[in-house]
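So the chains spell out like this:
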Amino acid sequence: MDNQNLFTSPFDYLGRKVLTLISEMGAMVIFFMRGFLMIFRPKQVGMIIQHIYYIGATSATVVMLVGLFTGMVLGLELFHTLLRFGSTGVLGSAVAVALVRELGPVLAAIMITARAGSSMAAEIGVQRISEQIDALFTMRIDPVRYLISPRIAASIICFPMLTTFFDLVGILGGYFTGVVLLGLNYGTYFGRVQQSLEMEDITCGFVKSLVFAVIVSTVCCFQGFYTHMRRDSYGAKAVGLSTTSAVVMSCVLILLSDYVVSSLLV
Amino acid sequence: MELPKMKIPLIEFQKLTKRFNNRTVLDQADLQIYEGEVTTIIGKSGTGKSVLLKHIIGLLTADEGTILVWGQSLEKMSKRGRYKYFRQISYMFQNNALFDSMTVFENIALPLRQTTRMSEETIERKVRARMEQTELTDASGKYPSELSGGMQKRVALSRALVTDPKIVLFDEPTTGQDMIRRNAILSMIAEYQRQFGFTAVLISHDIPDVFFISNRIIAMDEGRIIFQGTPEQFEGFEHPFVDEFVHSIEKLEEHLTGIQSKRQFKIRNQVGLSRKHPQESYAVALFTLEHFDQLCEHLGHTRGQEVLNALGTYINKHFGAVGGFSTRQSTNQFATFLPFSDFQEAERLLKDFGVGLQGGGLGTIQAESRITPEICYEFAILGGVAEGKAGDEEIDGISKKAEVGQKEIARVRCEKRR
């Protein structure tokens, strides 16, 4: 009997984990659908603008800073690699395509997760444990409409915009190392950027940023909203763990969905 | 023959049971809440009082049993009907549940902004009026973290009342307040309830003060309803819970104020009377602070309570010298038992008391209530005495007689008007 338990318990554990994961994913999809549909209810515009300011405007600096250094590193590394093949002229194409299709959406999303996603989870988590969400319910204010929908809407608007900033600043970063520091021709760099970037690449980056916006806002809000349902901790500790889970889960799902979207759009 | 009409409860619990992780928090609870009444739930901490309130507002759903609203099952009610019912309820949380990123004004305005189509001017007017009533005008732009616990309670109270609800649930509205503020909040609730006619359900440990404003008392112990009835019926309720919980609070209250609880007052009366020969005389004096509601409206509930408290202390001190002891009879009345006085002597004592009160006593009361001469207000103190005979009539009957014979013994006049 004991041997049997020893043999079955890992499967039992795995099965339980998978079932929990599937049910949590299902709950998140329903949560997102409710939140998304309520974007179109009255009295939402003001709150959406507030969250656009918070997610978009206040995250712009950090996103552009990361974009600049990503572009600079790309320019530096690719220049030396391409030099071995005598094709430094395509540096502009390599930097632009890598940024617009892949690095821009992914890194911008990860930065926004760290900057705004974590605070979404923590803020909603604190509101949950201090009964503020229950207070909304008692005032007949739908907490999903009031707290979640504006964040989802603001994320959907801000993610593509911040990704665009990231891409633009990244391309300028590549220009700075490739042209200003390493002496590549100015016209060649921008000519290649213009020549190699196609609408398909931009669409791919745009679609990815939209998918990431949905993932990050849903996961972070969901984790905060259901902080009280955690079984591993309560109170302030639960808020901390929810925030960590929100960031980790968002980052993993960003990379996972990046592969899925890329394989669908290639 | 016409049968007497049965009063239908506004909310009724039928055998309601709620469990959390196999722990039964509500056990077959049966209770009725009637429209337009103040119902107070009393009981030790952790006996399921808040859980009970959360069922009324729909924050929790029962594992077993039914909730009836106007005789209709809440569960079977249409979505529209349920929405209509819940819209009429307001809830004041035990820990206030204020939005810490919003100012006091924004917190109070939130339900109006989010659930109504009122213009911003109307909302502003309504919120300012509520803030004035709850003495929060100066705190308008402050955040909850910048306020004292008492002020936060008042913000929560204003937010609960700003939508003019039909049913208001108060979960320990006076927790963390000093004695004066505690009574001020209770008198505020009583005044609003009279003014707006809502149905109030309160959880409170403020015994006996809360009895003065309640129409019905519900006592809970270990998740069970052990008593339902009027405060008068509760006085005669015999149960270990009463000794364990109610008396311990009353003793603390007496220790803090010097004014005895009604129960303690009655026991002392009985002991005092049992030592007397049958038909030996004693007297009861009854004092009323007239126009107490207007006084609260004018000076604010806190100051109103301070005046009342100072008057109680003054009465107790004055009549204590002749062996008398006092209790708070109702929101604005004090009864004093004079075991060694007959009617004539009691009348003389009352006259002396009135002279002393008008001479300097009122000044003491005003000073203790932090009322400066610039504040313009008026109130009168009425006094009356009645005689009883040991072994004859109940003390309540004598108090009633004293009330009938009350006349004005002192008055504070507004100096500016003169």
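Keep in mind that this is a model prediction, so the values were computed, not measured.

Draft legend 1. Region of the structure containing the overall build of chain A. Broken down by element type, chain A carries eight helices and zero strands. The order of α-helices and β-strands along chain A, N terminus first, is α-α-α-α-α-α-α-α. On the principal axes, the C-alpha backbone points of chain A span a range of 65 × 60 × 30 Å. Counting all 266 residues of chain A, 43% fall into the buried class. For chain A, the proportion of contacts with a sequence separation of at least 24, taken over those separated by at least 6, is 87%.

Draft legend 2. Representation of the packing of helix H3 (residues 91–129) of chain A against helix H6 (residues 186–196) of chain A. All names here are of chain A. At their nearest, the axes of H3 and H6 sit 7 Å apart, and the two run at 50° to each other. Accordingly, the angle class assigned to the pair H3 and H6 is oblique. Of the two possible hands of crossing, H3 and H6 adopt the one that is right-handed. Contact with H3, carried on its side by Leu91, Gly92, Ser93, Ala96 and Val97, involves Thr188, Tyr189, Phe190, Gly191, Arg192, Val193, Gln195 and Ser196 of H6 and no other residues of that element. Its residues assigned to classes, the contact of H3 with H6 comprises six nonpolar, six polar and one charged.

Draft legend 3. Layout of the sheet that holds strand S14 (residues 379–389) of chain B. All names here are of chain B. Read from one edge to the other, the open sheet built from five strands follows the order S12-S13-S11-S14-S15, with strand pairing classed as antiparallel. Looking at which strands have only one partner, the edges of the open sheet turn out to be strand S12 (325–330) and strand S15 (407–412). With strand direction ignored, the average angle separating the axes of adjacent strands in the sheet is 25°. Where S14 lies against S15, five bridges are found, and the strand directions are antiparallel.

Draft legend 4. Up close: the packing of H3(A) against helix H8 (residues 235–265) of chain A. Residue and element names in this part refer to chain A. Contact pair H3 / H8: the axes reach a minimum separation of 9 Å and the direction vectors enclose 150°. The angle between the axes of H3 and H8 places the two elements in the roughly antiparallel class. For H3 against H8, the interelement crossing comes out right-handed. Residues Val106, Ala109, Ile110, Thr113, Ala114, Gly117, Ser118, Ala121, Ala122, Gly125, Val126 and Ile129 of H3 form the contact with H8, whose own contacting residues are Gly235, Ala238, Val239, Ser242, Thr243, Ala246, Val247, Ser250, Cys251, Ile254 and Asp258. Grouping the constituent residues of the contact of H3 with H8 by class yields 14 nonpolar, eight polar and one charged.

Draft legend 5. Layout of the interface of chain B and chain A. Taken together, the contact between chain B and chain A spans 13 residues of the former and twelve residues of the latter. The set of elements that each furnish at least two residues to the side of chain B that touches chain A consists of helix H2 (79–87) and helix H3 (104–115) of chain B. Considering each element in turn, the side of chain B that touches chain A owes the most residues, four residues, to H3(B).

Draft legend 6. Quick look at helix H2 (residues 45–84) of chain A. Between its first and last C-alpha, H2(A) extends 54 Å over 40 residues, near the 58 Å set by a 1.5 Å rise per residue. Looking one or two places after H2(A), you find A:Gly86, whose phi comes out positive at around 65°.

Draft legend 7. Quick look at the domain arrangement of chain B. All names here are of chain B. By domain assignment, chain B separates into domain 1 (11–252) and domain 2 (260–417). The C-alpha centroid of domain 2 is placed 32 Å from the C-alpha centroid of domain 1. In this assembly, 14 residues from domain 1 lie in contact with 15 residues from domain 2. Contributing elements (two or more residues each) for the side of domain 1 that touches domain 2: helix H6 (179–196) and helix H7 (209–213). Partitioned by chemical class, the residues of the side of domain 1 that touches domain 2 number seven nonpolar, two polar and five charged.

Draft legend 8. Up close: the sheet that holds strand S3 (residues 38–43) of chain B. All names here are of chain B. Strand order in this open sheet of six strands is S6-S7-S8-S3-S9-S10, and the pairing throughout is mixed. Each end of this open sheet is capped by a strand with a single partner; those strands are strand S6 (89–92) and strand S10 (224–229). In this sheet, adjacent strand axes meet at a mean angle of 15° when their direction is disregarded. By the bridge criterion, five bridges tie strand S7 (residues 167–171) to strand S8 (residues 199–203) in an arrangement that is parallel. Residue pairing for S8: valine 168 is matched across the bridge by alanine 200.

Draft legend 9. Summary view of unusual backbone geometry. Non-glycine residue A:Glu131 carries a positive phi angle of around 65°. Note that A:Glu131 resides in the loop between H3 and helix H4 (132–138). You can call A:Glu131 buried: it has 21 C-beta atoms within 10 Å. Its identity is not glycine, yet B:Lys15 carries a phi of approximately 50°, on the positive side. Here B:Lys15 shows up in strand S1 (residues 11–20). Here B:Lys15 falls in the partly exposed class, since 13 other C-beta atoms lie within 10 Å of it.

Criteria and cut-off values
Residues numbered from 1 in each chain as written. Chains lettered and ligands numbered in written order. Predicted model: local features only at pLDDT ≥ 70, side-chain atom pairs only at ≥ 80, totals over all residues. Helix = DSSP H or I, 4+ residues; strand = E, 2+ residues; numbered from the N terminus. Buried ≥ 20, exposed ≤ 12 C-beta atoms within 10 Å, placed from the backbone. Contact = placed C-beta atoms within 7 Å. Axes fitted to C-alpha atoms, helices over the stretch in contact; angles between N-to-C directions. Parallel < 35°, antiparallel > 145°, perpendicular 65-115°, else oblique. Left-handed = near helix turned anticlockwise from the far one by under 90°. Nonpolar A, V, L, I, M, F, W, Y, C, P; charged D, E, K, R; others polar. Pairing = 2+ DSSP bridges. Expected span 1.5 Å × (residues − 1). Domains from an automatic or database assignment.

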